Structures are given as structure tokens and as C-alpha cells.
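# Geometric and topological summary
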Amino acid sequence: MSVSEALLRGSLAALIGFTFVGISLVILNWFERKMGGRIQSRYGPMHVGFHGILQTFADLLKLLQKEYIIPQGANKLLFIAAPFMVMVPAIFVFLVIPFGPDLYAFRFEYSLLFILSFPALTSFGILAAGWASNSKYSLVASLRTVGQMISYEIPRLLSALSIALMAGSFAIDTIVERQAYLWFVLLQPIAFLVFFFSSLAEANRMPFDFTWAESELVSGFFTEYTGMRWALFFLGEYGALVAACLVTALIFFGGWYGPILPSPIWLIVKAALLLVFSLWIRWTWPRLRIDQWMRFSWKVLTPLSIANLLLTAFLMHWLGVGA
Amino acid sequence: MDGIYFLIGILVFILTGTILAAALVAIGKATSYTRNEPEKTIPYECGELPVVKTKNSKFSANYYSYALAFLIFDVEAALLIPWVMSFKEQSLTGILAATAFLAILVFGLLYAFLSGGLNWE
Amino acid sequence: MERFSSPESFEFMINMGPQHPSTHGVFKLVLKLDGETVIDAEPEIGYLHRSVEKIAENRTYEQVLPLTDRLDYVNAMGNNLAYVMAVENAAGIEVPERAKAIRVIMAEFNRIASHLISLGTQGLEVGSHTLFLYCFREREKILDLFEKASGGRLTYSYFRFGGISKDLPKGWIDEAREFLNDFENKMEEYFVLLLDNPIYKGRTVGIGIIKPETAISYGASGPVIRGSGIPYDVRKANPYLIYNKLDFNIPTGENGDVWDRAYVRFQEMKESVKIIRQVIENLPEGSVLEREARYIVIEEGLSSYFSVESPRGELGFFIYSDGTEKPYRLKIRSPAFVNLSMIKEIIKGEKLADVPLVLGSLDPVFGEVDR
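Described in the following lines is the structure provided in the data block. (Residues numbered from 1 in each chain as written. Chains lettered and ligands numbered in written order. Predicted model: local features only at pLDDT ≥ 70, side-chain atom pairs only at ≥ 80, totals over all residues.)

Residue and element names in this part refer to chain C. The antiparallel open sheet is built from 3 strands, whose spatial order is β6-β7-β8. Either end of the sheet is taken by a strand with one partner, and the two such strands are β6 (303-310) and β8 (327-333). Averaged over all pairs of adjacent strands, the angle between their axes in this sheet comes to 15 degrees, without regard to strand direction. With 6 bridges connecting them, strand β7 (residues 313-321) and β8 associate as antiparallel partners. Bridged to Phe318 within β8 is Lys331. (Pairing = 2+ DSSP bridges. Helix = DSSP H or I, 4+ residues; strand = E, 2+ residues; numbered from the N terminus. Axes fitted to C-alpha atoms, helices over the stretch in contact; angles between N-to-C directions.)

Before going further, it helps to spend a moment on the interface of chain B and chain C. In this assembly, 15 residues from chain B lie in contact with 15 residues from chain C. A breakdown of the residues in the side of chain B that touches chain C according to their chemical character gives 5 nonpolar, 7 polar and 3 charged. (Contact = placed C-beta atoms within 7 Å. Nonpolar A, V, L, I, M, F, W, Y, C, P; charged D, E, K, R; others polar.)

Residue and element names in this part refer to chain C. An ideal rise of 1.5 Å per residue puts 22 Å on 16 residues; helix α3 (residues 76-91) measures up with 22 Å between its terminal C-alpha atoms. In terms of residue burial, α3 counts as a mostly covered element, since 14 of its 16 residues are buried. Just past α3, the residue Gly92 takes up positive phi, approximately 70 degrees. (Expected span 1.5 Å × (residues − 1). Buried ≥ 20, exposed ≤ 12 C-beta atoms within 10 Å, placed from the backbone.)

Right, let's talk about the sheet that holds strand β3 (residues 37-44) of chain C for a bit. Residues and elements named next belong to chain C. An order of β1-β2-β3 is seen for the 3 strands of this open sheet, with the pairing classed as antiparallel. The open sheet has two edge strands, β1 (11-16) and β3, and neither has a second partner. Neighbouring strand axes in the sheet, compared pairwise and without regard to direction, differ in orientation by 20 degrees on average. Inspection of the sheet shows β1 paired to strand β2 (residues 28-34) by 6 bridges, in the antiparallel sense. Counted as the bridge partner of Asn15 is Val30 from β2.

The next point concerns the environment of Cys46 of chain B. Note on placement: Cys46 of chain B falls in the loop between α1 (2-31) and α2 (64-85). On the basis of neighbour count, Cys46 of chain B is assigned to the buried category, with 21 C-beta atoms found within 10 Å. Each C-alpha atom, one on Cys46 of chain B and one on Ile19 of chain B, is 35 Å from the other, the two residues being 27 residues apart in sequence. When neighbours within four sequence positions are excluded, Cys46 of chain B is seen to be in contact with Asn15, Met16, Gly17, Pro18, Gln19 and His20 of chain C.

Listed below in C-alpha cells is the structure:
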């Protein structure tokens, strides 16, 4: 690999990530509304295009016309930078995600660790957005983000460690190759649940959407944002969700393995099913309270994932199925 | 040397991503018209003037005991990574050592739990 | 754990309302927070004040009726009932049996509709949008029934002094019966979706506790006082219309928390279904309005108070007459206002996220609070 190739691959990854998230936002946003409509015994969007299929574009047009307001007393630099700080880390995973056996921007030996650590930078963006807005609702929301992050990170990391233990590697493509015959979700159901729900928490999705809990914090950390700046947060949220589902599909559901269809399609199908699952949760469950979630995370999830990790280690040693 | 290339990749990724995002904002700014009025820029506080200015109010992050536990466990997780990496070369002793290490930490968590440190008050 | 600094230095004041997604109307609560815990709250009402009581003094008794629709706009039938019966009580007007029965049916249907909103918004406050829309779906059917009977969907003015404006249309009873059968199945769905949901239970059990003594000392009524375990219900305590002939229970809660109040409302919907069934099966024949009393003069110096059980509690109208065709003074005892006055006391020590939940559990309608 040369420097120019690295430059090309890096920028292509960003471009593809952006496009991928953008396209999936258009589809997913429409699908989410339609599915929500179906679950709630209503139609959902119907008027813009066939069955409202162009609704997202109509919303985009609306957002393009919105005014750009910086609230009084806001920290301008951080206020303007915060949407980027949320958006860009949310799609970091596209740097290392393999869509097929040889289909990746970069092959990194510790890509699982990369995925676990770098997207967590979104928390700083949210913290910055809330603090810079000079609005109390935003401030409360942004400080909740910290509380949320410190409660899901550890269980998430520990459950990912037990996967790495089974695969004997932190490289995602190796982990996927180990699942050619048996998905890890069958061997590690606890790790899957912990990982998936922690990922939902990272993406601020229901039932963990404390940072923009509408009923108490109005719009949370993006209360003061308008127009495309707001849209970037929205894009970042969907990006984090899509990334979380892609990663879960890769490390638990055998990634690109599947009959007949080409490998990227399989990965996307699996991720899409996980997305549908997350939407289903969103439309069914009430929201937790942040202190309850933190307590649950520290009193149940953390010990559980530690136990799971040790159990995995012992079983692997005794059964001699180490890598 | 792959690491260097990956680092370059990350930097280029950040740059490209920011440019793309900035392009979105720029398009939005170009297609919209902002009329600045003083009332519009008052921070949202449910339609009333803020009771106390935000910069003058202190918000107590009273989950700091969780944050302390987080620091410890984050270091713990970082220490577990090499253990996971070298798992195939290890004998039972290695696993037992990790178990003892984790057990101490879980006891610490249990202590924090029993002493009421893991309550949000 | 000991705090490192004194709590005073960490006061955080925040306005909640009047323009907030979940204050159930225009209501302002200035919260003083320590972290996310509420240490003090100052409620502020009056954003929806329309001086109904004063306007009523310049109107004839008949003309006041439409004003009462707009008090508690999700329970217009109940308000009509309370006002109409207060005037009838003062003027000594008799009501035919059939009209009494239909009044009970309408009041109970409106109780279901109102409790559905309360339950649905409880769902909304914990982020469960689905239940909210389900509740509105059911409420819609009740509104359709009301529309067929009275012509209105929100403000009915259906009752008249001495009866009701017009008899039920043909086939209305069958539709009502069909709705009740359907609704009973749907109730189980709501129970599973919200009240029995572990997350919702975790959010509401032990939150916003109202002690029986507090409830009594504030004069609370309705599901709020019954949630605290006191079986006070005007329909039983001081029966009006035909309630003394009907068989129904008064559900009560145990702890007086948010969940108990939601559960009491849920059970009350079941009781209302039971009541409507009984009345529908034994609906008397005959006229619904013997002679419409349009011009009413109440004897000079007569003051009378009459209260009914609205979905929010004891809704009373006090009328003092100076012998003209207009009330000299009309005082509305608004249950939502009385129940809401407890908010300052019960919100202390709860988390910020629970504020809308506790507020919603008192089920205030600001048209009635501010009057």
C-alpha cells in the first residue's frame, strides 16, 4: 500500500459511508414511519409519492430552507463544530468494515477494538452540542450522554472481548471467517444481547433515547439546532444505528456468509433485519429512566458480561476448542 | 508500516467526512434565508425567559460514582485485551489469573454496590 | 455517599412549560434541580384563564351551558351534566327516567374517553407512542357515538334543563353495545402493552406517592384520591341520577403512586363498561324532554351546590341567585385544579424524567384548572 492508495481508500471509505448512511436513512426513515404506522394502526406517510415514498425527500427540502440560528451566549465554534463531531465518528466503522472476503477499505488487525472505541467519540460531539447551545435542556441532555456512555461501554467491550476470545482475533474478517459454519449468536447469546442493546444505547435509540427524551427534555441536545445542522445529528444517529447493526451482523450473524447471493448483499440483509428488530423495539417499549438504566447496566450487565467472558474462557480451555 | 497508512486513512476519512458534511450545511445555507431577530436567538426554555442564565447555573453530575467505577473498569478492560490476544498460548494458570483479577474487581463493584455508591442520589 | 459540597451550590433552575411537549396544556413549573433530582418546584397557572365564572354572570342559565363544554374539554358531557343538574337542583326541575338513563350512558362513555386520553398520555410520557394512538383509536369510536347522538365531537351541549336535547338515534344502542364488546378485548391489550410492562412498572411504581392524609388535606378527589386507597366517589357517596340502582365497584390503589392511579383509571373504565351495559339493557321508554325550560329564574337568595363525579374527581357547580334570569355568582369546583395543587408537594425528590409522569398522573386539563 502506498500513501496515495491510503489517501484514496480513506476518502472513498468516507464517501461510501456517507452515501450508505444517506441512502439507508432515506429508506429507513420511510420504512420506520410506515412500520410505525402499521404497528399503530394508521397509514403513515401517504401523500408524497407512492405510499409516501418520497416523504424523506420532502423533509430534506424543508430542512434546506430552515433558518440558521445560533442562540445568544452560545459558544459559536463548538456550536458549529458539534454536528460534525457527531456525524463523522458515527460512520467511522466504514473504514474497517468488510463487506465481503476482500471488500474493505483497510484491513486492520484490531478492527473490532477500533469499532468499539472510535465511534464512541460521538459522545464528545453530543456533549459539545449540549454545552455550547447555552440552553438548559441541552445541557441536561448532554450530561446524560456521559452517564449513558459510562454505563454501556464496559458491558459492550466485555461482550465483544468474549467474541474475540472465541475467534482468537480482533480482526473482523477473521471473526467472520470463524463463523462459516456456526454463527456466534448461537454460542454467545448473552454477549449478543448485551452487545446489541449497548449498541442501541450508543445510537441513542429507544428505549435508551435519554439524550433527546422528548417528554422531559423537549429535544435534548439538539433543541437549539436548525436546518442542516440538525439534519447532521439526525444523520449521525441513523449512521450510528446502521453501523451498530452492521457490526452486530458481522460479529454475531456470520457477516457475509450465505448461499447464492453475493456477500455484501447478505451482510446488508442481515443488518437490515436487525434494524427492523430495533425499530420494532422502538415502537413497542417505553423509555427507561437514565438512573435505572445506569443501575441496571452496572448491577446486572457488567457482572453478567464478566461472567460470560470467564465462562467462555474456561469452556474453551476444557473443550480444547481454542483457536 | 500498514499502521501509518491506516492512520493516514483515518485522517483523510475525517477530512472527507467533514467536507461532505460541511457541503450539506453550505447547501442548506445557500438555499435558505435567515432573518436575525433578537427574540429568535433566546435559548429555548419553554417560551419563557430563562429563570437563571445557563452560564450562571451549575448542574450537578451526581453520577460521578459511576464515573469512578467506569475509570477502573475501563482500565481493567484494557488490561484484558492482551490476555484475550494471547489466549491460545496460555495454560489454565492464565485463565485462573484472569479470574482472580476479575474477581477482585467484581468484589470492588460489590462493595460499591453495597455501600450505596451505585445509587444515583 | 457524602456530598462534597453543599447542595445549595448545585441548584439548577429550569422552566418546564408553558410551551413544553408534555405539560398537558399551558402550565409552567419552575423546577429547582440538584442533578436530576427535583428539590423544589413552583407551579404557575393561569395561561388558559378565560374567566368563565365571570362571563357566566352576564348570561342566562341556558347560555352558560356551552361555556361548560369548554372547561374540561375532554369531558364535555360530564361538565354539561354537572351544570345542568346544579341548575335543575336549584330550580326544582324534574327529569324523565329515560333522560336520566341516557345521561348516565353519556357520562360514563365520556369517562372512558377521558381516561383513555389519560392512559394514552401516560404512555406518551414514557415514550410509548403506540399505546397513545391505540387509545385515540378507541376514543374516536366513542366520539363517533357522541356525534351520532348530539351532533358534536368535542363540545356537545347535549343536555338540557329537564332532560336531553334529542333522543338517541336508531341503532345507536346496538353500536354502543358493539363498541363495548370490542373495547373489553382491547383493554387487555392496553394492560399488557403499558400497565403490565416491566419498564413502565419500573418507571412508575413508587414514584409520585400521595399519602392518604395529603390527599385528604388537599381535598383531592377522583382517581387521585382513590389511587391512595380512599374509596371516595360522588357516585357512591352522594348518588345522583340512577347511580344508586346500579351495581358497580370503586377501584382503589394501595400505595398512591403513579402506577396505582393509572391502574385505578384502567379499572374505572371497566366499571364504566359495566355501568353502561346495565343501563343499556334496562333503558326505559318514554320522552327525554318533557318541556324544555328555556327561561329559568331561580328564587332570590337561593344558593345551591351540586357535584358529580367527573373523570378527574368531584366537579361541583355552586349557584347563587339574585332572582334574575342570570346567575349572580357561579363558582366551579374544579377537581383538576384541586388535584394539581398537590404537585409541589409530591414532585419533591423525584427525578426530572418523572416530572411529566407525575403531572400526567394527576390528569389535569388546563381548561378546567384555569377556568
